Amino acid sequence: MSLGSRIFQREKLDRYLETDKKFIKTMSALDLISLGIGAVIGTGIFILPGTVAATKAGPGIILSFIFAAIVCSTSAMCYAEFASALPVAGSAYSYGNLVFGEIIGWVLGWALILEYVLAVAAVSSAWGAYFQSFLKGFHIGFPTAVSGPFNPAAGTYGNIIAIIIVLLISWMLSHGMRSSVRVNNTIVFVKIGIILLFIIVGLFYVKPANWHPFLPYGWSSSKGGVLGGAAAVFFAYLGFDAVSSSAAEVKNPKKNMPIGIIGTLIVATVLYVGVSIVLTGMVSYTKLNVADPVAFALQFVNLNWVAGIISIGALAGMFTMMVTMIYSSSRLIYSIGRDGLLPHFLGKLDKRGNPGNSLMLVTIVIAVMGGFIPLDQLTNLVNIGTLIAFLFVSFGIIPLRHNKEIQNNHGYQVPGYPVFPIISALLCLYMLTKLPAETWIASIIWFVIGLILYFSYGIRHSKINKDREV
């Protein structure tokens, strides 16, 4: 068999379904939406509406969030069809294996590893810093030596809080999804409650005069305008794709997976738009270019008690994001190990039906990165990993529909086929061109490492290749 035919061999859905049936199906549509909101709504909801309004869009930030949601919805619909047709673990990695071939699946899996691991490591580091400032409000100090990434010049040797929170979440997930979902749902409801508290209380302090002019920078200008603002906030919606990792653990996935993915985007849009309306109505957009615009707006109208509660919402937002991403990354590593492209022990499930070995691996990697490595300059890599996955999932709808071995009877299908999937892919390409050159250089290095790993290990241990040789 030639190298080309080996690397483009496609997996069989039946084998994935047989292997993944060991997962315990416990999750409902509401659980999926909660998981998705946990990933999408983080601290960004308390920051982006203010800073982007001040620097790019003015009160038109409201329209920017709506446009960004429309752009994201095209990819969300493509993910929903894949999740409905292919209810297996692994998200875009498994989809790529099934419709494009093993090498594309590997590239997508490698991109998602980049997205998930870097995202959680960066957020765990931020959570540690945020929690320390929260404790300072109660006059509780933390030793400088264990309060930041490894930087002896600054007197910091590790962020112990970042490490502890990652270990705590991993311990929670290791006890099974039933109990983990309950905890996650509770914290997500608290977070949504805090956001709604800001919207409801803030409405009483809205001054319509603050919305004039509504489009100070127009629709598109050198400053950005509404469309420039939409490009800036587009990445606030990323994370809903992590929901598709859970397909093997969902009750009635044909129905519940599309509800979970699309429902996440709808709820997130309503919350982002609601915060944008109230925030720009409370304070002139010209004053919102600060580190914490929501807290600033509340203090501006003497609502300091609500500002204090917002800090709890920010901590809750980061916590649920880490839960979703650690969960998703463990399922992704399990899927790659299941197929032999990473060591086989990573593709095993424990007695609780959890991928314990893969969970342990991602926990160690994330804890080390979040606790010791400065990640400020690497977070753009999260966006490139996500967009590459979006791109292939969007184009992938076309071969999915033509694959006679994969039936999606009575499942969700993207409307306007094939126009919508093509529009989605083109929008992803456009967003990729907006990323800085240094992000592209770092990502190329990452993918070269991935290809070396695939051709030196993965292709020789791949189960699909071994099956063909038998």
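Residues numbered from 1 in each chain as written. Predicted model: local features only at pLDDT ≥ 70, side-chain atom pairs only at ≥ 80, totals over all residues. Heavy atoms only, no water.

- The name that an unreviewed UniProt entry assigns to the chain is APC family amino acid-polyamine-organocation transporter, with the source organism given as Lentilactobacillus farraginis DSM 18382 = JCM 14108.
- Looking at the Subcellular location (unreviewed entry) heading of the UniProt record, one finds this comment for the chain: "Membrane". (UniProt positions renumbered as here; feature names shortened; annotations may be inferred.)

Looking at the overall build of the chain
Turning to step 1, where the next piece is worked out: In terms of helices and strands, the chain carries 18 helices and 2 strands.
Turning to step 2, where the next piece is worked out: Taken against the 2.2 N^0.38 rule, which gives 23 Å for 470 residues, the C-alpha radius of gyration of the chain at 22 Å falls within 12% of a compact globule.
Turning to step 3, where the next piece is worked out: Principal axes of the C-alpha set define a box for the chain whose edges measure 75 × 55 × 40 Å.
Turning to step 4, where the next piece is worked out: Per-residue burial over the chain gives 57% buried out of 470 residues.
Turning to step 5, where the next piece is worked out: In the chain, the proportion of contacts linking residues at least 24 apart, taken out of those at least 6 apart, comes to 82%. (Helix = DSSP H or I, 4+ residues; strand = E, 2+ residues; numbered from the N terminus. Rg over C-alpha atoms; globule rule 2.2 N^0.38 Å. Buried < 20%, exposed > 50% of the residue type's maximum accessible area, 1.4 Å probe, protein only. Contact = heavy atoms within 4.5 Å.)

Observations concerning the packing of helix α7 (residues 102–136) against helix α8 (residues 160–174)
Turning to step 1, where the next piece is worked out: Contact geometry of α7 with α8 gives a least axis separation of 8 Å together with a crossing angle of 115 degrees. Considering how the two elements wind past one another, α7 and α8 form a crossing that is right-handed. In this structure, α7 contributes Ser 124, Ser 125, Trp 127, Gly 128, Phe 131 and Gln 132 to the contact, and α8 contributes Ile 161, Ala 162, Ile 165 and Val 166.
Turning to step 2, where the next piece is worked out: In terms of residue class, the contact of α7 with α8 is built from 6 nonpolar, 4 polar and no charged. (Axes fitted to C-alpha atoms, helices over the stretch in contact; angles between N-to-C directions. Left-handed = near helix turned anticlockwise from the far one by under 90°. Nonpolar A, V, L, I, M, F, W, Y, C, P; charged D, E, K, R; others polar.)

Describing the packing of helix α9 (residues 177–203) against helix α13 (residues 304–338)
Turning to step 1, where the next piece is worked out: Across the interface, α9 lies against α13 with an axial gap of 9 Å and an inter-helix angle of 145 degrees. At the point where α9 passes α13, the crossing takes the left-handed sense. Of the residues in α13, those in contact with Met 177, Asn 184, Ile 187, Val 188, Lys 191, Ile 194, Leu 197, Phe 198 and Val 201 of α9 are Val 306, Ile 309, Ile 310, Ile 312, Gly 313, Ala 316, Gly 317, Phe 319, Thr 320, Val 323, Tyr 327 and Arg 331.
Turning to step 2, where the next piece is worked out: Of the residues assigned to the contact of α9 with α13, the class counts are 15 nonpolar, 4 polar and 2 charged.

Digging into the side chain of Asn 159
Turning to step 1, where the next piece is worked out: Here Asn 159 shows up in strand β2 (residues 156–159).
Turning to step 2, where the next piece is worked out: Here the side chain of Asn 159 touches Ala 162 through a polar contact of 3.2 Å, landing on its backbone nitrogen.
Turning to step 3, where the next piece is worked out: Every residue in contact with Asn 159, bar those within four places of it in the chain, is listed here: Ser 125, Gly 128, Ala 129, Gln 132, Val 146, Ser 147, Gly 148, Gly 370 and Gly 371. (Polar contact = N/O pair within 3.5 Å; in protein donor to acceptor, adjacent residues only side chain to side chain.)

Let's talk about the nonpolar core
Side chains of nonpolar character tend, in soluble globular proteins, to be buried together.
Turning to step 1, where the next piece is worked out: If you look at the biggest cluster of nonpolar residues, it comprises 148 residues, and the most contacted ones within it are Leu 86 and Phe 198.
Turning to step 2, where the next piece is worked out: When residues no more than four places from it in sequence are discounted, the contact partners of Phe 198 are Val 275, Val 278, Leu 279, Met 282, Val 294, Leu 298 and Ile 310. (Core = buried A, V, L, I, M, F, W, Y, C linked by side-chain atoms within 4.5 Å.)

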